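# Remarks on the overall topology
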Amino acid sequence: MRILITGGDGFCGWPTALYLSNKGHEVAILDNEIRREWDQELGIASLISIPTMEERVNEWQKHAPVPFRAYHVDMRDYDQLVNAISEFQPEAIVHFAEQRSAPYSMINREHAVFTQTNNIVGTLNLLYIMKEIVPDCHLIKLGTMGEYGTPNIDIEEGYLTIEYNGRTDTLPYPKQPPSMYHLSKVHDSHNIMFACKSWNLRATDLNQGVVYGVQTEETLMHPLLTNRFDYDDVFGTALNRFCVEAAADHALTVYGQGGQTRGFINIKDTVRCIEIAAMNPAKPGEFRVFNQFTEEFSVQDLANKVQSAANKLNIEAHIEHLPNPRVELEQHYYHAAHTKLVELGLKPHLLQEEDIMSFIQIAMANKDNIRLDKIMPSVSWR
Ligand code: NAD
Ligand code: USQ
């Protein structure tokens, strides 16, 4: 297949592009490297240094079994995006290219406006271009489990059948997102659903949980192909942060009581889920939703697991409960369906102690790059 991967220079996009390319698909990545500018703005960097997009693309072109190309394009620039898509004529577009940090979106008004503009305008441009240029192309859009929030009932995959005043309907599952970033994903979902209904486009919204892990088979093929590893308080996510904190002899930073429960997925399963979605496209007019995670953990569960793995490496990994910088429930019911990708063939990599030990070891090998002043939470929701 010809697959365009927007956000292909990012943490999920880069390994996905290499994986699909290695499987023989004709892949192009599209990215404006804006993520690297946010790193500079915040004074942070990936724990493992990554080369420029041009350098890593040049390196992969030596390994790729089929042509592999890159477009340096801003999703908000309609004309540039039209040119790239007209030239490449993708059969599937995997859309990762958004500002994806909840804390970044909560820094202040400007960052909230930027996040929602960047994300919603980019997706809207894409929908209009698909309508005009590639109406049969399948949009595989990265959404987030956070769209649902933490309701006191089971979470379904996108839709909920309800009976009200004697009548029944299947409706989009109610959304209660916990940040301006998560809200941008809800707005995207509504826009995509409307486009599918109105213009007969086909789309799959992948409501992904928190991704952990770093490398995949392909990113390990050469040092220039390495994936990024975020651990700072703005872009770092729970399990990866705890592993770096353990390696740095820093306390594990559990926010509040630690009962916050989320769906989690290994980066090795992320790339496979995208392949499954691409190989089993939605039908014309269909807006399909899959919940893309493999296991649920509370933040406290994860801290305990990291502490136990760290102890095996003779590291103490003390757990500290910090005042929660976010507004979120710290003890709640959480049970979310996630069967659709498994039914289509996903064989999950479930989190093992050896995985956690290997993430801590990667962090220890890069210990000199750990910025201790970038670990404690700096963004408040209040
Ligand atoms: P990332 O920040 O590492 O990568 C995103 C990429 O998109 C960056 O390379 C950035 O330069 C690019 N980008 C952003 N705005 C752009 C624009 N206007 N034009 C062109 N390129 C632009 O993020 P990630 O962790 O790889 O996440 C990718 C997607 O998956 C996001 O949409 C995110 O919401 C979603 N997601 C991520 C996680 C996670 O835990 N990392 C979990 C669930 C969903
Ligand atoms: N948390 C801690 N300590 C930390 C970091 C986080 O207790 O040091 C807690 C947070 O308070 C939250 C939970 O861990 O309750 C998850 O936070 P996170 O920073 O790991 O993840 P989140 O902000 O939810 O965002 C990440 C990605 C985002 C994606 C989302 C999937 O950055 O792009 O959409 O995971 S989900 O959470 O399912 O919506």
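Up top is the structure these notes are about.
In short, a report on the structure. Note that the structure is a prediction, hence the values are computed from the model and not measured. Along each chain, residues carry numbers from 1 onward, in the same order as the chain's sequence is written. As a convention, the first chain written is A and the first ligand written is 1, with the rest following in written order. For this predicted model, a pLDDT threshold of at least 70 governs which residues receive local features, and a threshold of 80 or more governs which side-chain atom pairs are given and counted, while totals over whole chains, interfaces and linings are taken from all residues. Excluding hydrogens and water, the side-chain values take into account all heavy atoms of the structure.

## Here's the deal with the overall build of the protein
Helix and strand assignments come from DSSP, with helices taken as H or I runs of at least 4 residues and strands as E runs of at least 2, each series counted from the N terminus. In terms of helices and strands, the protein carries 12 helices and 14 strands. Taken over C-alpha atoms, the radius of gyration is set against a globule rule of 2.2 Å times the number of residues to the power 0.38. In summary, the protein has a C-alpha radius of gyration of 20 Å against a globular reference of 21 Å for 382 residues, a match within 12%. In terms of overall dimensions, the protein has C-alpha extents of about 60 × 55 × 40 Å along its principal axes. Three exposure classes are used, based on accessible area relative to the maximum for each residue type with a 1.4 Å probe and protein chains only: buried under 20%, partly exposed in between, and exposed over 50%. Counting every position in the protein, which comprises 382 residues, the buried fraction comes to 58%. Two residues qualify as a contact provided that any one of their heavy atoms is within 4.5 Å of a heavy atom in the partner residue. For the protein, restricting intrachain contacts to residue pairs at least 6 apart in sequence, the fraction spanning at least 24 positions comes to 81%. Surface accessibility follows the Shrake-Rupley procedure with a 1.4 Å probe radius. Residue values consider only the protein chains on display as shielding. As displayed, the protein has an accessible area near 15,700 Å², and 51% of this comes from carbon and sulfur atoms.

## Regarding the pattern of salt bridges
The term salt bridge refers to a side-chain nitrogen of Lys or Arg lying within 4 Å of a carboxyl oxygen of Asp or Glu. Summed over the entire model, instances satisfying the criterion amount to 27 salt bridges. Ionic pairing is found between glutamate 275 and lysine 23, a salt bridge with its closest N-O pair at 3.6 Å. You can see glutamate 275 sitting in helix α9 (residues 267-279) and its partner lysine 23 sitting in the loop between α1 (13-22) and β2 (26-31), a full 252 residues away along the chain. The partner of aspartate 136 in a salt bridge is arginine 202, and the shortest N-O contact between them spans 2.9 Å. Here arginine 202 lies in strand β8 (residues 202-208) and aspartate 136 lies in the loop between α6 (109-133) and β5 (138-144), a separation of 66 residues in the sequence. Using a relative accessible area of 13% as the deciding quantity, one classes arginine 202 as buried.

## Examining helix α7 (residues 180-199)
Here α7 spans 28 Å end to end across 20 residues, near enough to the 28 Å set by a 1.5 Å rise per residue. Taken residue by residue, α7 has Tyr181, His182, Ser184, Lys185, Val186, Asp188, Ser189, Ile192, Met193, Ala195 and Cys196 as its buried positions. For the purposes of these results, a polar contact is taken to be a pair of N or O atoms within 3.5 Å, where, inside protein, one atom must be able to donate a hydrogen and its partner to accept one; residues adjacent in sequence count only when each atom of the pair is a side-chain atom. For α7, the N-terminal cap is serine 179; the gap from its side-chain oxygen to the backbone nitrogen of tyrosine 181 is 3.2 Å. One or two residues past the end of α7 sits asparagine 200, with phi positive at roughly 65°. One fewer than the residue count of a helix, multiplied by 1.5 Å, yields its expected span.

## Thoughts on the sheet that holds strand β13 (residues 295-298)
At least two bridges found by DSSP between two strands is the condition for calling them paired. Taken in spatial order, the 3 strands line up as β9-β11-β13 in an open sheet, and their pairing is mixed. Looking at which strands have only one partner, the edges of the open sheet turn out to be β9 (210-212) and β13. In this sheet, neighbouring strand axes are inclined to one another by 45° on average, regardless of whether the strands run parallel or antiparallel. As paired strands, strand β11 (residues 261-266) and β13 are joined by 4 bridges and run antiparallel to one another. Axis definition: a line fitted to C-alpha atoms, limited for helices to the stretch in contact. Angles are taken between N-to-C directions and run from 0 to 180 degrees.

## Topic: the site of ligand 1
The criterion for a residue being near a molecule or strand is simple. One of its heavy atoms has to lie within 4 Å of it. Surrounding ligand 1, one finds 29 residues, the nearest of these being Cys12, Asp31, Asn118, Tyr181 and Lys185. Between an oxygen atom of ligand 1 and a main-chain N or O atom of valine 211, the distance comes to 3.0 Å. Its free accessible area being 830 Å², ligand 1 has 98% of it covered by the protein chains. For the shell around ligand 1, the secondary structure elements donating two or more residues are α2 (34-42), β5, α7 and β9. If you tally residues by element for the shell around ligand 1, the top one is α2, at 3 residues. Charged means Asp, Glu, Lys or Arg here, nonpolar means Ala, Val, Leu, Ile, Met, Phe, Trp, Tyr, Cys or Pro, and polar covers whatever is left, Gly included. In terms of residue class, the shell around ligand 1 is built from 12 nonpolar, 7 polar and 10 charged.

## Observations concerning the packing of aromatic side chains
Pairing of aromatic rings covers Phe, Tyr and Trp, the last through its six-membered ring, and needs centres within 6.5 Å; plane angles under 30 degrees mean stacked, over 60 mean edge-to-face, and all others mean tilted. Considering all chains together, one arrives at 8 aromatic pairs under this definition. Here tyrosine 104 and phenylalanine 235 contribute two aromatic rings whose centre-to-centre distance is 5.9 Å and whose plane-to-plane angle is 45°, an arrangement assigned as tilted. You can see tyrosine 104 sitting in helix α5 (residues 102-105) and its partner phenylalanine 235 sitting in the loop between β9 and α8 (238-247), a full 131 residues away along the chain. The exposure class of tyrosine 104 is buried, given its relative accessible area of 3%. An aromatic cluster is present here, built from Trp38, Tyr104, Phe114 and Phe235 joined pairwise through their rings. Each ring is checked for a lysine NZ or an arginine CZ that lies within 6 Å of its centre and within 35 degrees of its normal; such an atom marks a charge sitting over the ring. Positioned over the ring face of tryptophan 14 is arginine 56, at 4.4 Å from the centre of the ring. The residue whose ring lies beneath lysine 131 is tryptophan 199, and the NZ or CZ to ring-centre distance is 5.0 Å.

## Remarks on the site of ligand 2
Neighbouring residues of ligand 2: 23 residues in total, closest Thr144, Tyr181, Ala238, Thr253 and Glu328. Here an oxygen atom of ligand 2 and a side-chain polar atom of arginine 326 are 2.8 Å apart. Considered on its own, ligand 2 offers 730 Å² of accessible surface; in the complex 95% of this is hidden by protein. If you list the elements that add at least two residues to the shell around ligand 2, you get α7, α8 and β10 (252-255). Here the residues of the shell around ligand 2 sort into 9 nonpolar, 9 polar and 5 charged.

## Section: the pairing of β11
Each regular strand shows side chains that alternate between the opposite faces of the sheet. Counting buried residues in β11 gives 5 out of 6 residues, a clear majority hidden from the surface. Where β9 lies against β11, 3 bridges are found, and the strand directions are parallel. If you follow valine 210 over to β11, its bridge partner there is phenylalanine 264.

## Focus on the packing of α6 against α7
One way to put it is that α6 packs onto α7 with a least axis distance of 9 Å and a crossing angle of 15°. In this view, α6 runs roughly parallel relative to α7, as classed from their interaxial angle. Relative to α7, the crossing made by α6 is right-handed. Residues Ala112, Thr115, Gln116, Asn119, Ile120, Thr123, Leu124, Leu127, Tyr128 and Lys131 of α6 touch α7, and the partners they reach there are Met180, Tyr181, Leu183, Ser184, His187, Asp188, Asn191, Ile192, Ala195 and Trp199. For the contact of α6 with α7, the residue count by class is 11 nonpolar, 7 polar and 2 charged. To sort the angles, those under 35 degrees are grouped as roughly parallel, those over 145 as roughly antiparallel, those from 65 to 115 as roughly perpendicular, and the leftovers as oblique. A clockwise turn of the near helix away from the far one marks a right-handed crossing, whereas an anticlockwise turn of less than a right angle marks a left-handed crossing.

Worth remembering: the numbers are spatial, not functional.
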